[in-house]
Amino acid sequence: MNEQAPLVSVVLRTYGHAPFVAQAIESVLIQRTGFPFELVIGEDCSTDGTREIVEAYGRAYPEIVRPVLPERNVGHGEMLRMALAATRGELIAYLDGDDYWSSTAKLARQVEFMRANPECHDCFHDVSLVYDEAGAPSGTITPRLAEEHFGIEQILMECFVPAPAMMFRRSVFEELEREAFDSAWLDWIIHVQSATHGPLGYVPEPMACYRVHRGGMFSALDRVSQLEEDANFYARFLAQLPEQRGLIERCLAHRKAQLAIERLAVPFDACVVLVDPRREFRPYFNGRHARALPRREGREVTELQAIREAAARLPPAVEDYGTGVATSADGERSCLLVVPGPAAEWFERHPDLTDYLGKNGRVVWEDGWVTVHQLEALPSEGDGTRERDMRRVRVKPLRGPAELPAAFFDTPTDGALLPAHAVMITGWLAGSGGAARAIEFEHEGELIWRAPVGRMRPDVARRFPDAEAGTPGFQTTLNVRDLPPGARVQVAGRFADGSRVAIGELGFEPPGDSSEAGE
């Protein structure tokens, strides 16, 4: 591959990702393309073993993997700039060391899109959210959109492009100012810069996994800090994009509204209602239940009354990011109406609504950017659910946990109903052929996924003291949306000496199937 210049350069930025980076690298190496690509890995002097993993892959795959290894820690922005500067491809795809791609066709499908849409300087696709910590289910698809193209106004309002999904033309990187790499939201800046040339393109397929964990750069920031970074972002583009000044000011007011809710420490079983007459913004308040008002002119009081009634039966929401302040117990199951400054004039033109709030609510926040009214919740009836793309998983172990080679699946349990785009698979593998290296998934003789083995499992090490079983654990997600109903996937383990052993079979049935495993 090094005899021909790569069409695509994959940039992988990593720091402190020892538990995750091998999966990220493997998900690039396993890509099926009809064109050459390279993997440029920027490793920023980690002390947890990440650099050693990157160096090992560089030695094993010198024709593809090109490590960029500064002698000192340079920070996430400069590390990305250095890695981008080392690329040679016309197109650049991006991946953080704690995320990974879940489709072997990811690069091929994005390149196909870029070739068919030369006006697009940037394209992206859906990702599945994967939560490492307990308490939140994995598999939610984001951003799950219907349009195929998005303009600069849309990307200015919200950075809806997941980081592991982005691919952009080299010219976009070459246009970036050096100061852009000092921003925590560099990926957002890249998308806005791309949108100055043409629309952003979208491929509606979940082809990557975004890992949500406490060590992630974005996830580690509390929500207040994230919103303050948003304010810095908008201040930058107020000067650079004067023709978008009105929109940028409305975006800034929207972020200030979110900041007010965080600083009020609103509990997560409350419902927040955003007044947005233009219907521009997605009502989002860090995972809290949120609605927008008005849905149609002339029925604002009726809508707000219905929201109050529904709020009484809403379960507690799960926060997406730490609030940065202690959550208050005051106003549980209440309803909060948020009026950003740009919506104040519309609000004043609706005396029925202001009268209703005067009788049923009180002002709990008011500054130059936003006013927040609090109303108590009312009883309601009725509920609804949203269908999801699910598969019932059948698990057939082929190895037991007693004698070597041995394996065990902690999850999924037999008969579990799981999202087809992110079937979580965890367990361990130990054998006599040296340390376990990977588990491989095949369908009809074709390799569809591979995941590294390398998680600590002291219980397994104690069970097999004479085996190299110190890190025999594995955790991955399998995307089976494209497999036919009733598909059977063979699972095998590979060891350091190159030996391979079958460890199980997974069956994937439609949600209504109740057949026994192996039938």
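That block above? That's the structure.
Residues numbered from 1 in each chain as written. Predicted model: local features only at pLDDT ≥ 70, side-chain atom pairs only at ≥ 80, totals over all residues. Heavy atoms only, no water.

## A few points about the overall build of the protein chain
And then number 1: Helix and strand counts for the protein chain come out as 13 helices and 24 strands.
And then number 2: For 519 residues, the compact-globule estimate of 2.2 N^0.38 gives 24 Å, and the C-alpha radius of gyration of the protein chain, at 25 Å, lies within 12% of that figure.
And then number 3: The buried share of the protein chain, reckoned over its 519 residues, is 54%.
And then number 4: Across the protein chain, every contact between residues at least 6 apart in sequence was considered, and the portion connecting residues at least 24 apart equals 73%.
And then number 5: Accessible area for the protein chain stands at about 22,700 Å²; split by element, carbon and sulfur atoms hold 48% of it.
And then number 6: Taken as two groups, the 55 positive and 78 negative side-chain charges of the protein chain have centres that lie 2 Å from each other. (Helix = DSSP H or I, 4+ residues; strand = E, 2+ residues; numbered from the N terminus. Rg over C-alpha atoms; globule rule 2.2 N^0.38 Å. Buried < 20%, exposed > 50% of the residue type's maximum accessible area, 1.4 Å probe, protein only. Contact = heavy atoms within 4.5 Å. Areas by Shrake-Rupley, 256 points an atom, 1.4 Å probe, with all protein chains shown as cover. Lys, Arg positive; Asp, Glu negative; His and termini not counted. Charge placed at Lys NZ, Arg CZ, Asp CG, Glu CD.)

## Observations regarding helix 7 (residues 186–195)
Helical geometry note: an α-helix holds 3.6 residues per turn, so side chains three or four residues apart project in the same direction.
And then number 1: A large share of helix 7 lies buried, amounting to eight of its 10 residues.
And then number 2: Taken together, the buried positions of helix 7 are Leu186, Trp188, Ile189, Ile190, His191, Val192, Ser194 and Ala195.

## Some thoughts on the packing of helix 1 (residues 21–29) against helix 2 (residues 50–60)
And then number 1: Following both chains from N to C, one finds helix 1 and helix 2 inclined at 25 degrees, their axes separated by 10 Å at the closest point. Considered as vectors, helix 1 and helix 2 are oriented roughly parallel to each other. Like other packed secondary-structure pairs, helix 1 and helix 2 cross with a definite hand, here right-handed. Note on element contacts: helix 2 touches helix 1 through Thr50, Ile53, Val54 and Tyr57, opposite Val21, Ala22, Ile25, Glu26 and Leu29.
And then number 2: Across the contact of helix 1 with helix 2, the residue classes break down as seven nonpolar, one polar and one charged. (Axes fitted to C-alpha atoms, helices over the stretch in contact; angles between N-to-C directions. Parallel < 35°, antiparallel > 145°, perpendicular 65-115°, else oblique. Left-handed = near helix turned anticlockwise from the far one by under 90°. Nonpolar A, V, L, I, M, F, W, Y, C, P; charged D, E, K, R; others polar.)

## A few points about the packing of aromatic side chains
And then number 1: For the coordinates displayed, the defined rule picks out 14 aromatic pairs.
And then number 2: Look at phenylalanine 233 and tyrosine 234: their rings are 5.2 Å apart centre to centre, the planes differ by 75 degrees, and that puts the pair in the edge-to-face class.
And then number 3: Using a relative accessible area of 2% as the deciding quantity, one classes phenylalanine 233 as buried.
And then number 4: Among the aromatic residues, those joined into a ring-pair cluster are Phe124, Phe150, Phe160 and Tyr202.
And then number 5: In this structure, arginine 236 is placed above the aromatic ring of phenylalanine 237, and the distance from its NZ or CZ to the ring centre is 6.0 Å.
And then number 6: A cation over a ring is seen here: arginine 288 above phenylalanine 268, with NZ or CZ 4.1 Å from the ring centre. (Phe/Tyr/Trp six-rings, centres within 6.5 Å; stacked < 30°, edge-to-face > 60°. Lys NZ or Arg CZ within 6 Å of the ring centre and 35° of its normal.)

## Looking at the layout of surface pockets
And then number 1: There is about 730 Å³ of room inside the second largest pocket.
And then number 2: Taken together, 35 residues line the second largest pocket, and the ones lying closest to its centre are Ala22, Tyr57, Arg437, Pro452 and Val453.
And then number 3: Listing elements by their share of the lining of the second largest pocket, those giving two or more residues are helix 1, helix 2, strand 19 (423–430), strand 20 (436–443), strand 21 (446–452) and strand 22 (473–478).
And then number 4: Of the residues in the lining of the second largest pocket, the class split is 22 nonpolar, six polar and seven charged. (1 Å grid on protein atoms, 1.4 Å probe; cavity = no way out; pocket = protein on both sides within 12 Å on 5 of 7 lines; lining within 4 Å. Points joined across faces, edges and corners; volume = space filled by probe spheres on them.)

## Remarks on the sheet that holds strand 11 (residues 271–275)
And then number 1: Read across the sheet, five strands follow the order 12-11-13-15-14 without closing on themselves; strand pairing throughout is mixed. Every interior strand has two partners, whereas the edge strands, strand 12 (289–293) and strand 14 (361–366), have only one. The sheet shows a mean angle of 25 degrees between the axes of neighbouring strands, direction not considered.
And then number 2: Sheet topology places strand 11 next to strand 12; five bridges connect them, and they run parallel. Residue pairing in the sheet places leucine 274 in a bridge with alanine 292 of strand 12. (Pairing = 2+ DSSP bridges.)

## Details of the sheet that holds strand 20
And then number 1: Ordered in space as 18-16-24-23-20-21, the six strands form an open sheet in which the pairing is antiparallel. Looking at the sheet topology across the chains shown, the edges are occupied by strand 18 (417–419) and strand 21. Here the average twist between neighbouring strands, direction ignored, is 35 degrees.
And then number 2: Two strands pair when backbone bridges link them, and strand 16 (residues 390–397) and strand 18 are joined in this way by three bridges, in the antiparallel orientation. If you follow arginine 392 over to strand 18, its bridge partner there is leucine 417.

## Examining unusual backbone geometry
And then number 1: For the bond running from threonine 142 to proline 143, omega is 5 degrees, close enough to zero to count as cis.
And then number 2: Looking at the secondary structure, you find proline 143 in the loop between strand 7 (141–142) and strand 8 (149–150).
And then number 3: Note that the residue after leucine 293, namely proline 294, is joined by a cis bond; omega there is 5 degrees.
And then number 4: Positionally, proline 294 belongs in the loop between strand 12 and helix 10 (300–310).
And then number 5: Positive phi, close to 50 degrees, is recorded for arginine 144, a residue that is not glycine.
And then number 6: Residue placement: arginine 144 occurs in the loop between strand 7 and strand 8.
And then number 7: We classify arginine 144 as partly exposed; its relative accessible area is 42%.
And then number 8: Positive phi is not limited to glycine here, since arginine 279 has a value of about 55 degrees.
And then number 9: Position of arginine 279 relative to the elements: it lies in the loop between strand 11 and strand 12.

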